[in-house]
Amino acid sequence: ALLNSCREFGLPDRQLQKIPNGVDAKRFKGAEPETRDQICKRLKLDPQKLFVVFVGSAIHRKGIDVVIPAFIELAEYNPNVELLIVGPCDFSDHTRHPIERKRLVDELREQLDRFHFADRVHWVGEVEDVDLYLRVASVFFFPTRREGLPNALAEAMASQLPAVASQIEGVTTDLVISGVHGILIDGYEPTQYAEALREIFADDEKRHLMSRAARQRIEREFELSHIAARYEGLYNDLVGNECR
């Protein structure tokens, strides 16, 4: 999206290079069943459950208002699925956060209570070991409304998670090919996201194929050493041009 904006302002292609954010593929990776069980115990999660994971602030821009109702629909369909919300979600300090943020989270918690699904949602909060929560999950849920290149999505793909995400041209589409690495949804209707989640959970073979494809794309295009090499090449070109 930024590259296209530069072109619209008249910058020639010879002056443009698109270098994406890199992902630490050694830290963010999948987990074998035995390792997953150990991580679940460490995180005090039931290893017999299947987890959908959302990573980001629990705010409207990130789509938390889509996550909760979509999960409720999924939970009614699949009694073994639980939701991990990893990221800031306590907005009680109104000197730091707009009051609307706490009001939205309170409304969503009340909605979960009404449907008796509150015990199936883990409001993890802000943590340093995000990679562990990704390693125990089965699907990454990301109905964001605005991003740059989303690190959380790239890290989830490195962790071998298929993504159900919003379709934002030049943003999520730079990472996910719908039907290959996950499913992209145009718009923010919770039912559409719930249907996509159900589709992935209903077909183990499809989920595993998407998982492998997601990891392979990160290894091929976004792994840190590749990105570092591209910066090195850019700097060498600039130095060479300056010398000439």
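Preceding this paragraph is the structure being described.
The text that follows walks through the structure, step by step, so that each part is easy to find. Source: prediction; values computed, not measured. (Residues numbered from 1 in each chain as written. Predicted model: local features only at pLDDT ≥ 70, side-chain atom pairs only at ≥ 80, totals over all residues. Heavy atoms only, no water.)

1. Let's talk about the nonpolar core
Part 1 of the reasoning: Residues Ile68 and Trp123 are the most contacted members of the largest nonpolar core, which totals 37 residues.
Part 2 of the reasoning: Broken down by secondary-structure element, the contributors of at least two residues to this core are strand S1 (50-55), helix H3 (64-77), strand S2 (81-86), helix H4 (99-114), strand S3 (121-125), strand S4 (139-142), strand S6 (182-185) and helix H7 (190-202).
Part 3 of the reasoning: Here the element with the most residues in this core is H3; it accounts for nine residues.
Part 4 of the reasoning: Filtering out sequence-adjacent residues up to four positions away, Trp123 remains in contact with Ala58, Ile68, Ile85, Cys89, Val105, Arg109 and Leu112.
Part 5 of the reasoning: Ranked by size, the runner-up nonpolar core spans 34 residues in total, among them Val130, Leu153, Ala163 and Ala165. (Core = buried A, V, L, I, M, F, W, Y, C linked by side-chain atoms within 4.5 Å. Buried < 20%, exposed > 50% of the residue type's maximum accessible area, 1.4 Å probe, protein only. Helix = DSSP H or I, 4+ residues; strand = E, 2+ residues; numbered from the N terminus. Contact = heavy atoms within 4.5 Å.)

2. Some remarks on the pairing of S3
Part 1 of the reasoning: Where burial is concerned, the two faces of S3 differ: the one with Val121, Trp123 and Gly125 is buried and the one with His122 and Val124 is not.
Part 2 of the reasoning: Note: S2 against S3, four bridges, orientation parallel. By the bridge assignment for S3, Ile85 is matched with Trp123. (Pairing = 2+ DSSP bridges.)

3. Structural notes on the sheet that holds S1
Part 1 of the reasoning: Pairing within the open sheet is parallel, and its six strands lie in the order S3-S2-S1-S4-S5-S6. Each of the sheet's edge strands pairs with one partner strand only, and the pair in question is S3 and S6. Ignoring which end each strand starts from, the neighbouring axes of this sheet average 20 degrees apart.
Part 2 of the reasoning: Of the strands in this sheet, S1, S2, S3 and S4 are in contact with H3, which crosses S2 at around 165 degrees. (Axes fitted to C-alpha atoms, helices over the stretch in contact; angles between N-to-C directions.)

4. Some thoughts on the pattern of salt bridges
Part 1 of the reasoning: Using the criterion set out here, one finds 12 salt bridges in the structure.
Part 2 of the reasoning: Between Glu147 and Lys62 there is a salt bridge, with its nearest N and O atoms 2.8 Å apart. Separated by 85 residues along the polypeptide, Glu147 in the loop between S4 and helix H6 (151-158) and Lys62 in the loop between S1 and H3 bring together distant segments of the chain. Take Glu147 and Lys62: they sit in the same class, and that class is buried.
Part 3 of the reasoning: A salt bridge links Glu219 to Arg215, with the nearest nitrogen and oxygen atoms 3.0 Å apart. Here Arg215 and Glu219 lie together in helix H8 (residues 204-221), a separation of four residues that amounts to about one turn.
Part 4 of the reasoning: If you follow the salt bridges from partner to partner, you end up with Arg61, Lys62 and Glu147 in one network. (Salt bridge = Lys/Arg side-chain N within 4 Å of Asp/Glu carboxyl O.)

5. Notes on a nonpolar patch on the surface
Part 1 of the reasoning: Together, Tyr231, Tyr235 and Leu238 make up a nonpolar patch on the protein surface, roughly 320 Å² of accessible area in all.
Part 2 of the reasoning: You can see Tyr235 is positioned in helix H9 (residues 224-243). (Patch = residues over 30% accessible without salt bridge, like charges linked within 9 Å, V, L, I, M, F, W, Y side chains within 5 Å. Areas by Shrake-Rupley, 256 points an atom, 1.4 Å probe, with all protein chains shown as cover.)

6. So, the packing of aromatic side chains
Part 1 of the reasoning: For the structure on display, the rule yields three aromatic pairs.
Part 2 of the reasoning: Between Phe140 and Phe142 the ring centres are 5.5 Å apart and the planes differ by 25 degrees, which places this aromatic pair in the stacked class. Taken as a pair, Phe140 and Phe142 share a single burial class, namely buried.
Part 3 of the reasoning: Aromatic pair Phe141 and Tyr193: ring centres 5.8 Å apart, planes at 40 degrees, arrangement tilted. Note that Phe141 is positioned in strand S4 and Tyr193 in helix H7, a separation of 52 residues in sequence. For the pair shown, Phe141 and Tyr193 are each scored as buried.
Part 4 of the reasoning: Sitting over the ring of Tyr188, Arg145 keeps its end group 4.8 Å from the ring centre. (Phe/Tyr/Trp six-rings, centres within 6.5 Å; stacked < 30°, edge-to-face > 60°. Lys NZ or Arg CZ within 6 Å of the ring centre and 35° of its normal.)

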